[in-house]
Amino acid sequence: MTNKFKEIKERESKLLCNTYGRYPLAVSKAKDCRLYDLEGEEYLDFLAGIAVCSLGHSRDDLADVMAEQARKLVHVSNLFYQEPQLDLAEKLLSTCAADKVFFANSGAEANEGAIKLARRYMHAVRGEDRHEIITLEKSFHGRTLSTLTATGQEGPIKDGFSPLPDGFVTVPFNNISALRGAIGKNTAAIMIEMVQGEGGVRPLSQEYVNDIVALCKDNGLLLIVDEVQTGLCRTGRFWAHQHYGITPDIFTSAKALANGLPMGAVLCTDEAAKGFGPGSHATTFGGGAVISAVACKVVDVMIEEDMAKRADELGAFAAQETEKLRARHPDKIVGSRGVGLLFGIELSCDGSAVWNGLLEKRIVCNLTQGTILRLVPPLTVTREDILAFMEALDEVLTAL
Ligand SMILES: Cc1ncc(COP(=O)(O)O)c(C=O)c1O
């Protein structure tokens, strides 16, 4: 550990609340799929700021848009009409079957908005006292009080925060009869991720999703899809729900939306949007001019450069290369799963040792659920980068 790094660690523990188990790396610079530490050492980035910098780090085209808009208009609040947020809304709505958008500032805030919209729709439009949201085990929806209650995980995420808000029920994953049994007279919506990211890169099956959609229809429930991690081409379609041929009533976006600037969005049908009226929901910063201008450029690049196709092809390539590695290490790799570049490698050996070994070889990725290496690189990652990852993993597993 260098003196400079030691000094940074000490400053951090004095200055910041102790909420993060940080990686032993201080990043001073990032470009495309590479991170650089304090000494300028290069790391291959298979994390992209947790599926955020999908177009790669520190892009000149986005920096230009940011700077140009910042000289014109940064913030006036949502009391005013602002064209950049309308431009962004038009672009986003052209990618899906939704009709309306509400802009927020993070994934949790977008999900919070989606939950509020579902509840208010039931009250204001249907005149029914339905407020309960059903979610799935191992889901992750955020850290605000209601999104962490919606999250189907236990442990430090929930410990010590009671009383948690009422109105959330979690059911076992991929179990349609449990879901059916959880629906009652108070149920407002079912909320799902198409591929559970934090939960271990677990895609929902087509059959399960079809059954969920049918349950929503038969019981008059809204379907909320959390696309915070899966959206914006990550899974090989612009939105992951498009793999399944479904139209959610409400879905959320964040992470990659402004390629590293904080932004979230709630997208919904005209019908669901009736739930909100003036004064019912708001946020000071949502859809600000700079961030909206950047997000417009992000959406343009994603479409022009067909990032969905790229994610799809590179995900298939990573699966093929993982299979080769599995054949070499059948006792240590169970297999791969995921969709596009939301990619998981399931290990049957010590996940932390593998993760540490990769970091020593200057490869950054994420370990989730103890044994799943979650790879969410920038979508600009190359085949050579993937091969470099696999070679490093091969060496680490051989040495284990
Ligand atoms: C599926 C999903 N929903 C919500 C969130 C919360 O997003 P944020 O950290 O921006 O609040 C995350 C973050 O990892 C996520 O993966």
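Residues numbered from 1 in each chain as written. Predicted model: local features only at pLDDT ≥ 70, side-chain atom pairs only at ≥ 80, totals over all residues. Heavy atoms only, no water.

Draft legend 1. Layout of the pairing of strand β12 (residues 264-268). Summarising burial for β12: five of the five residues are buried, a large majority. Inspection of the sheet shows strand β11 (residues 250-253) paired to β12 by four bridges, in the antiparallel sense. Bridging from a neighbouring strand, T252 pairs with V266 of β12. (Buried < 20%, exposed > 50% of the residue type's maximum accessible area, 1.4 Å probe, protein only. Helix = DSSP H or I, 4+ residues; strand = E, 2+ residues; numbered from the N terminus. Pairing = 2+ DSSP bridges.)

Draft legend 2. Focus on the packing of aromatic side chains. Using the criterion set out here, one finds six aromatic pairs in the structure. When the ring of Y23 is compared with that of W355, the centres are 4.5 Å apart and the planes differ by 55°; the resulting orientation is tilted. In this pair, Y23 sits in the loop between α1 (3-15) and β1 (27-31) while W355 sits in helix α12 (residues 351-360), placing the two residues 332 residues apart along the sequence. Classification of W355 by relative accessible area gives buried; the value is 10%. Here the aromatic cluster, defined as three or more aromatic residues joined through ring pairs, consists of F238, W239 and F251. (Phe/Tyr/Trp six-rings, centres within 6.5 Å; stacked < 30°, edge-to-face > 60°.)

Draft legend 3. Seen up close, the nonpolar core. Of all hydrophobic cores here, the largest spans 95 residues; its most connected members are I212, I345, L358 and F389. At eight residues, helix α10 (residues 289-304) tops the list of elements feeding residues into this core. Counting residues domain by domain, this core receives three or more from each of domain 1 (3-58 + 306-399) and domain 2 (73-304). If you look at the next biggest cluster of nonpolar residues, it comprises 22 residues, including Y121, A150, L222 and A272. (Core = buried A, V, L, I, M, F, W, Y, C linked by side-chain atoms within 4.5 Å. Domains from an automatic or database assignment.)

Draft legend 4. Structural context of the domain arrangement of the protein. Partitioning the protein into domains gives domain 1 (3-58 + 306-399) and domain 2 (73-304). Measuring from the centre of the C-alpha atoms in domain 1 to the corresponding centre in domain 2 gives 27 Å. Counting residues at the interface gives 29 residues for domain 1, matched by 29 residues for domain 2. Contact with domain 2 buries surface across domain 1, with L55, V339 and L342 losing the most and accounting together for 26% of the total. Put simply, domain 1 and domain 2 have one salt bridge between them. Here E198 and R374 are joined by a salt bridge, their closest N and O atoms 3.2 Å apart. Taken together, domain 1 and domain 2 are joined by 17 residue pairs in polar contact (both at pLDDT 80 or more). When contributions to the side of domain 1 that touches domain 2 are tallied by element, the ones reaching two or more residues are α2 (48-51), α11 (307-328), β13 (333-339), β14 (342-347) and β17 (372-375). Among the residues making up the side of domain 1 that touches domain 2, the classes are represented as 18 nonpolar, seven polar and four charged. (Contact = heavy atoms within 4.5 Å. Buried area = accessible area lost by both parts, 1.4 Å probe. Salt bridge = Lys/Arg side-chain N within 4 Å of Asp/Glu carboxyl O. Polar contact = N/O pair within 3.5 Å; in protein donor to acceptor, adjacent residues only side chain to side chain. Nonpolar A, V, L, I, M, F, W, Y, C, P; charged D, E, K, R; others polar.)

Draft legend 5. The arrangement of the site of the ligand in detail. In the region of the ligand, 13 residues are neighbours, and G107, A108, D226, Q229 and K255 sit closest. Measuring from an oxygen atom of the ligand, one finds a side-chain N or O atom of K255 at 3.1 Å. A total of three residues in the shell around the ligand trace back to one element, the largest contributor, which is helix α5 (residues 107-125). Broken down by class, the residue content of the shell around the ligand amounts to three nonpolar, six polar and four charged. (Near = heavy atom within 4 Å.)

Draft legend 6. Region of interest: a nonpolar patch on the surface. Where nonpolar side chains cluster on the molecular surface, the patch consists of V76, L79 and F80 and spans about 330 Å² of accessible area. Relative to the helices and strands, F80 resides in the loop between α3 (60-72) and α4 (83-93). (Patch = residues over 30% accessible without salt bridge, like charges linked within 9 Å, V, L, I, M, F, W, Y side chains within 5 Å. Areas by Shrake-Rupley, 256 points an atom, 1.4 Å probe, with all protein chains shown as cover.)

Draft legend 7. Region of the structure containing the environment of C233. If you trace the backbone, C233 turns up in the loop between β10 (222-226) and β11. In this structure the C-alpha to C-alpha distance between C233 and M302, which are 69 residues apart in sequence, comes to 7.3 Å. For C233, the contacting residues outside a window of four places in its chain are F238, M302, M307, A308, A311 and L379.

Draft legend 8. Structural view of unusual backbone geometry. Cis geometry marks the peptide bond from S162 to P163; its omega dihedral reads 0°. Positive phi outside glycine occurs at N259, with the angle close to 50°. Along the chain, N259 falls in the loop between β11 and β12. At R362, a residue that is not glycine, the phi angle is positive and equals roughly 65°. The residue R362 is located in the loop between α12 and β15 (363-364) in this model. Among the residues examined, R362 registers a relative accessible area of 34% and is labelled partly exposed.

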